[in-house]
Amino acid sequence: MSQPFRTEKGGRIDRAEQLTFTFDGEELHGHKGDTLASALLANGIHLVGRSFKYHRPRGIVTAGSEEPNALVGIYRNGDQTPNLRATQVELYQDLQAISQNRFPSLGFDVGAVNDLLSPLFPAGFYYKTFMWPKSFWDRVYEPIIRSAAGLGRPPKNPDHDYYGNQYAHCDVLVVGSGPAGLAATLAAAETGARVILCDEQAEFGGSLLSVASASIDGKDPSIWVSETIQKLSAMANVTLLPRTTAFGYFAHNFIALAERVTEHLKDPDPKLPRERLWQVRAREVVIAAGAIERPMAFPENDRPGVMLAEAGRTYLNRYGVKVGHKVLVATACDTAWQAAFDLADHGVEVVAIADIRETPPDNLISIAKARGIRVEAGCVVTGTLGRKRVKAALLGRLMTSGQVASGGQVECDALLMSAGWTPTVSLYSQSRGKVVWDAEKGAYVPGKPVQKERSTGASKGLYGLQATLEDGYAAGEEAARAATGKTATFTRATASGGEAGNGGTLGALPHDRDASRVKAFVDYQNDVTAKDVKLAVREGMHSIEHIKRYTTTGMATDQGRLSNMNALQIASGSLERPMPEVGLTTFRQPYTPTTFGLFAGVARGDFFDPVRKTPSHDWVVGNGGVFEDVSQWKRAWYFPKTGEDMHAAVARECKTVRESVGLFDASTLGKIEVVGPDAAEFLERMYTNPWKKLAPGRCRYGLLLNDAGFITDDGVIGRLAEDRFHVTTTTGGAPSVFATMEDYLQTEWPDLDVWITSTTEQYAVAAVQGPKAREVIAPFIEGVDLSAEALPHMSVKEATFCGVPCRLFRISFTGELGFEINVPRRHGRMLWETLAAEIEKHGGTPYGTESMHVLRAEKGYIIVGQDTDGTVTPHDAGMSWAIGKKKFDFVGKRGLERPDLIAENRKQFVGLLTKDPKVKLEEGAQITTAETPATGTPAEGHVTSSYYSPALDRTIALAVVKNGHALEGQTLYVPMPDGSIPVEVTGTVFYDKEGARLNV
Amino acid sequence: MLLIYCPYCQVKRAETEFHCGGEAHIARPSDPSKTTDEDWVDFLYTRSNIKGVYAERWRHIHGCGRFFNAVRDTVSDDFLKFYKAGEPMPDLNALAAEAGK
Amino acid sequence: MSDVLAGGLITPDAGETPLLSLSSLSILKAAPLARLSFRAREASLGAAGTAFGLDLPVAPLSSNSAEKRAALWMGPDEWTLLAPEDELQAVFDAIESALSGHPHALVDVSDRSETVIVSGEQAVWLLNTGIFIDFSLEEFPVGTVTRTVFHKAPVMVWRLAEETFAVEAWATFMDYVSGLLVQSAKELEAA
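Conventions used here
- Residues numbered from 1 in each chain as written.
- Chains lettered and ligands numbered in written order.
- Predicted model: local features only at pLDDT ≥ 70, side-chain atom pairs only at ≥ 80, totals over all residues.
- Helix = DSSP H or I, 4+ residues; strand = E, 2+ residues; numbered from the N terminus.
- Buried ≥ 20, exposed ≤ 12 C-beta atoms within 10 Å, placed from the backbone.
- Contact = placed C-beta atoms within 7 Å.
- Expected span 1.5 Å × (residues − 1).
- Pairing = 2+ DSSP bridges.
- Axes fitted to C-alpha atoms, helices over the stretch in contact; angles between N-to-C directions.
- Nonpolar A, V, L, I, M, F, W, Y, C, P; charged D, E, K, R; others polar.
- Domains from an automatic or database assignment.
- Parallel < 35°, antiparallel > 145°, perpendicular 65-115°, else oblique.
- Left-handed = near helix turned anticlockwise from the far one by under 90°.
- Right-handed = clockwise from strand over helix to strand, strands pointing away.

Caption draft 1: Local environment of the overall build of chain B. Scanning chain B from N- to C-terminus turns up 2 helices and 6 strands. Overall, chain B is about 40 × 30 × 20 Å in size when its C-alpha atoms are taken along their principal axes. Burial status across chain B gives 31% buried among its 101 residues. Of the contacts made within chain B by residues no fewer than 6 positions apart, 50% connect residues no fewer than 24 positions apart.

Right under this line is the structure:
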């Protein structure tokens, strides 16, 4: 039960509520309000993981999202989520966490042998080693690298959680809720502007939750935070989003936020999403992302127990946890001194403050002295001792020569370090802003805004509580004014204490150790040392972008927020070029690792994409039909009877259509109503065929090209009246045909008096095809004479079907007598069921898309997109007949005259019959003139369609073949792995060549 | 996700409502039969594809359905102007200078 | 409520059970009605309005409604005209005869789409789970109508009242649209 490192009092945890959790199976305790990291530290646990490459023991370094080491897996409902930062995992009862990248256990990891072999793993190791042979990458190198290096294990089960999405607009988005962010939010909110405030942490307040020695309006800063949040939450124009990370800043002030909705709860209601993606369009943005502390790059700075000074202070003041009982503070700046003082005030023994500066500020020294803390000025840490936890540190005295003299050893169980502060410019950088070097601050700070944003407070390098508050108020006011033009007067808080500190250092620190034997880590997560960066420069990497990729520094999950500045200084030193000239790598989205679930959102399972169903759908389901997906549509594919496989079902369906009658759902075909005085003129210009002389009541096959001259779509078009056409398109082509027509209408021929309307979904369509089609529909149709004379092939009439108005087409895609009945969609099911019952009486069958394909192939009708591929002209397809020769112009006419389109040797549409009638060709198979062509011989063409034809009781195929039309009767070959298949080139019509069956 | 102003609906909407139609002001020859092969190929395929300020077509496909034109800086994605189809191409250099591009 | 504002046309389908019914939010299928797509140039609008019995709005994204009639601006030359289901043919014929000689296009699209009525204090929140439009009253006042996208489906949204919206989608997209609306609303039921 004991938490030996918990303070007596203080902190924001709920001491009354104790929580039990496990880490690698060990049962431990913490409190509500703890993070996993603070709870582990309260139990004296620093060792939480093994490093990426060398498998070195690693401890918690930070208290925030930039944490490089404490990546854990969390078990929940039998699933495990890997790579969560323990510093962000909120503790709940029975939380189960595991460490990662260790085998067999965290304490004893066989991979640690890598550390002893580390001379073998220099910068660029992968590039140098795994080069040859190429084929080894997939099979040997990559699996080894992936198992040896890396982080947590991916979850095995499908993610059963639900992820939400929310679009939002606001006047002002404030990112970060420290003093600057809260002040900005208040200032903007007071004007009445719509404000969203987000913060990646569970609680608002940022650094204000960790300070012990300052006040705002005379109150403890954390009290001011609660009062401010209370006030803001009462305002209708303010949205507060805790646990919400602004991870991406995109063009036009579009910002993506990841809200963690339930991860902190023990038993979340399954109705709640696990995470929610906020897609925000903000008129103005205030970036108040703060700054983070830099580690010091001294040898063995990765020993568990070595952590950032501000983290030590946060654990103490916010979570009531002492990071050690004997703490050494190593620093280059003032702020870490406050951590030492706060610890001392909680009874922690601060063994020394080692400041690399020769003369730290006198006032700090006197405060330290008053607390009895030993102060070492001009002093650096040159190494640490201890295996899984720091036991002692080596000190070194900086000499005026630049050398370091040994300064002895101090015992400690925690080492707090601070090399200074780095403003968090990630979002600014993502907004395409260019950071500028501020020599005085020793930091990159945001330059001029590119989008409508401004940084405030520490994220622009401004420190000190009062100054930050003032800057935040100003930023919020300015943002609101820019967004809405509104201003407001309000009372501003004033702070005392929390003054800005001075000092800071960059790069590797000098030491007196054997440089070849010690490692000073720059990037903890990727195991990149100061030496690696220097080596990269020696080996010719002179651009910081190259150094980054060669060493992998800054490529960890924190994107170099911790490591970049030190790496940059080392590179700058090695290159002998000043920092600003070396530049900074670009921060990209996402700011912190973001789950795939968040990006997928609702687009999964049933809602991955809209599923479009025709009115016959339920009937098809009930009658055992099998569906295929055609773009977003579910189409009936075939209707197997008991014992039938697909082949048998299709053969029966085809035979039945040819011998008696079949029923087919054609509702998915695109339908466009073209209406207006210029309707015929418009179609004349769009389609290859002539339309002006088509009489009302008649239909014509239409062929659509693009202006390059290639076939893009086709369909039957019926003229309902002088000024009204019913155009059909392919199922998949409907949206693009409509868009193409609109494009020509609006931008090329705006003078035409014609309009197009999509009626695809207005009508349900049943096709009745076969010799008995007329008998089948006759009992239900009124208002039309169905005789061949009155309603010949290719005609259309308005009639009624069972009393419902319908458009009755006499057309055929099977080569048989056929009708297509269009009724308003709500009557579609009645239409289908009526006809399904009727055809049964006539020995007919419903048939699906597979039989439709076979039947049309027997007739040589093309399917655009299957027999054509965007490079086929009407001439290639043998459809020169569809071109209106006398037309002045149509889309594609000029294209057809291009030299390449009238050249010899174009691939042309032909039929193929295998010599062996039982052999069915494979669609896509290549065609050659030689039986066994030499390797590298170009193909003469390929098979586009291939089926067993029940009508011919043999296989048939369609293909495109070079000069195919001239090759009729000749033998070509289709070479396959198990032998070459001889085929005869034929015409494309295999059945009823004269078309006699159509005209009955 | 870009924010695009539709000059017909007179509102700014998210890019998902729109479809980009490539470079603007490429007119289809009124009598294609009199066009040379080279000119026809230019009309079909040749686009300026510049880095900088240029005019492009957009269609408010999930809105009013209208095509319109926009001047956009392809470097920053900033839109400098939106105008209706049929209106003449604005002076791109002047727009760029005005926007400090 | 909504039915008055929409000319009494957008009403819950009495034969359908509510898709969702919470105190703060309901999703109801709307009853069928006659929908006509009307396309014309400006010169024909007056005659069309007279024949329809309601002026066609010319302000972008606006709508006019009167008893049993509504006219929605869809584009600069496109309107959706709504009338009771049983008046389809009468309205169609009236407009056609009034406009003979005026170039125009009138097409029956009554069955092309379906409508759900989303209403309640959480209606805007729910629409914003899938629609990237600012539905504040300043930006999207009552009566505003627009086509847009709901996740991956094209939809039309018409604000009938402060907290009541008609969401129309092509019929085959309605399972997707209403399904996602219901799924997204579920979290309101969470404790």
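Caption draft 2: Representation of the overall build of chain A within the structure. A tally of helices and strands in chain A yields 25 helices and 50 strands. Oriented by its inertia axes, the alpha-carbon framework of chain A measures out at about 115 × 70 × 55 Å. When burial is assessed residue by residue, chain A has 55% of its 1000 residues classed as buried. Relative to all contacts within chain A whose residues are 6 or more apart in sequence, the contacts with residues 24 or more apart total 67%.

Caption draft 3: Geometry of helix H11 (residues 465–484) of chain A. The terminal C-alpha atoms of H11 of chain A, which comprises 20 residues, lie 28 Å apart, in line with the 28 Å expected from a rise of 1.5 Å per residue. Positive backbone phi, approximately 80°, marks Gly 485 of chain A, located one or two places after H11 of chain A.

Caption draft 4: A look at the sheet that holds strand S6 (residues 79–84) of chain B. Residues and elements named next belong to chain B. Pairing within the open sheet is antiparallel, and its 4 strands lie in the order S3-S4-S5-S6. Each having just a single partner strand, strand S3 (19–23) and S6 make up the two edges of the open sheet. Between one strand axis and the next, the sheet turns through 30° on average, direction left out of account.

Caption draft 5: How the structure looks around the sheet that holds strand S37 (residues 724–729) of chain A. All names here are of chain A. Judged by pairing direction, the sheet is antiparallel, and its 5 strands sit side by side in the order S35-S36-S37-S34-S38 without closing on themselves. Both outer strands of the open sheet, strand S35 (699–705) and strand S38 (755–758), are each paired with one neighbouring strand and no more. Pairs of neighbouring strands in the sheet enclose a mean axial angle of 30°, with direction left out of account. Pairing of strand S34 (residues 670–675) with S38 involves 4 bridges; the strand directions are antiparallel. From the neighbouring strand, Glu 673 faces S38, where its bridge partner is Thr 757. Relative to S34, helix H19 (residues 679–686) is tilted by about 130°, and along the sheet it contacts S34, S35, strand S36 (711–721) and S37. Against the sheet, helix H20 (residues 734–748) contacts S34, S35, S36, S37 and S38, and its axis sits at roughly 165° relative to S38.

Caption draft 6: Region of interest: unusual backbone geometry. Residues and elements named next belong to chain A. Following Gln 589, the chain continues into Pro 590 via a peptide bond in cis, with omega recorded as -5°. As for its position among the elements, Pro 590 is in the loop between helix H15 (579–582) and helix H16 (596–600). Within the chain, Asn 905 stands out as a residue other than glycine whose phi angle is a positive 70°. Relative to the assigned elements, Asn 905 resides in the loop between helix H25 (899–902) and strand S45 (907–914). What makes Asn 905 exposed here is the crowd of 8 C-beta atoms within 10 Å.

Caption draft 7: Structural view of the interface of chain B and chain C. On the chain C side, the residues contacting the 12 residues of chain B number 12 residues. The residue makeup of the side of chain B that touches chain C, split by class, is 5 nonpolar, 5 polar and 2 charged.

Caption draft 8: Summary view of the environment of Lys 322 of chain A. All names here are of chain A. For Lys 322, the location among the structural elements is in the loop between helix H7 (309–317) and strand S17 (326–331). Separated by 242 residues in sequence, Lys 322 and Gln 80 have C-alpha atoms that sit 30 Å apart. Contact partners of Lys 322, with chain neighbours within four places excluded, come to Phe 5, Thr 7, Leu 316, Leu 343, His 346 and Val 348.

Caption draft 9: How the structure looks around the domain arrangement of chain A. All names here are of chain A. In terms of domain boundaries, chain A breaks down into domain 1 (14–125), domain 2 (163–291 + 423–487), domain 3 (295–419 + 502–514), domain 4 (519–592), domain 5 (665–856) and domain 6 (894–998). One C-alpha centre belongs to domain 5, the other to domain 6, and the line joining them spans 30 Å. Listed by partner, the interface residues are 11 residues for domain 5 and 10 residues for domain 6. Here the residues of the side of domain 5 that touches domain 6 sort into 4 nonpolar, 5 polar and 2 charged.

Caption draft 10: Just helix H12 (residues 530–538) of chain A, in detail. All names here are of chain A. Within the sequence span of H12, burial applies to Ala 530, Lys 531, Asp 532, Val 533, Ala 536 and Val 537. Close packing links the buried residues of H12 with strand S29 (521–523), strand S30 (528–529), helix H13 (544–551) and helix H14 (564–575). Remark: Gly 540 follows H12 within two positions and exhibits a positive phi of approximately 105°.

Caption draft 11: The arrangement of the pairing of S45 of chain A in detail. Residue and element names in this part refer to chain A. The element S45 is largely enclosed, with a buried count of 6 among its 8 residues. Two strands pair when backbone bridges link them, and S45 and strand S48 (residues 954–962) are joined in this way by 6 bridges, in the antiparallel orientation. Note on S48: the bridge partner recorded for Leu 912 is Ala 957. Alignment of S45 against strand S50 (residues 979–986), held across 4 bridges, turns out to be antiparallel. From the neighbouring strand, Gly 911 faces S50, where its bridge partner is Thr 986.

Caption draft 12: How the structure looks around the interface of chain C and chain A. Taken together, the contact between chain C and chain A spans 36 residues of the former and 32 residues of the latter. Elements represented by at least two residues in the side of chain C that touches chain A include exactly strand S3 (34–40), strand S7 (104–108) and helix H5 (174–185) of chain C. At 6 residues, H5 of chain C tops the list of elements feeding residues into the side of chain C that touches chain A. Residue classes in the side of chain C that touches chain A are distributed as 15 nonpolar, 11 polar and 10 charged.

Caption draft 13: Representation of the packing of H12 of chain A against H13 of chain A. Residue and element names in this part refer to chain A. Packing of H12 against H13 brings their axes to within 10 Å, and their N-to-C directions diverge by 120°. Relative to H13, the element H12 is oriented oblique. Handedness of the crossing formed by H12 with H13: right-handed. Here Asp 532, Val 533, Ala 536 and Val 537 of H12 lie close against H13, whose contacting residues are Ile 547, Tyr 550 and Thr 551. Class assignment of the residues belonging to the contact of H12 with H13 gives a composition of 5 nonpolar, 1 polar and 1 charged.

Caption draft 14: Geometry of the packing of helix H5 (residues 179–190) of chain A against helix H6 (residues 221–233) of chain A. Residues and elements named next belong to chain A. Running from amino to carboxyl end, H5 crosses H6 at an angle of 30°, the nearest separation of the two axes being 11 Å. It follows from the interaxial angle that H5 and H6 lie roughly parallel. Relative to H6, H5 is oriented so that their crossing is left-handed. Taking contact as the criterion, the partners of Leu 182, Thr 185, Leu 186 and Ala 189 in H5 are, on H6, Val 225, Thr 228 and Leu 232.

Caption draft 15: A look at the pairing of S17 of chain A. Residue and element names in this part refer to chain A. Among the 6 residues that make up S17, 5 are buried, leaving the element largely enclosed by the rest of the structure. Relative to strand S18 (residues 349–355), S17 runs parallel, the two sharing 6 bridges. Bridge pairing links Val 329 to Ile 353 in S18. A crossover links S17 with its parallel partner S18, the connecting element being helix H8 (residues 335–345), and its sense is right-handed. With 5 bridges connecting them, S17 and strand S23 (residues 414–418) associate as parallel partners. Note that in S23 the partner of Val 329 across the bridge is Leu 416.

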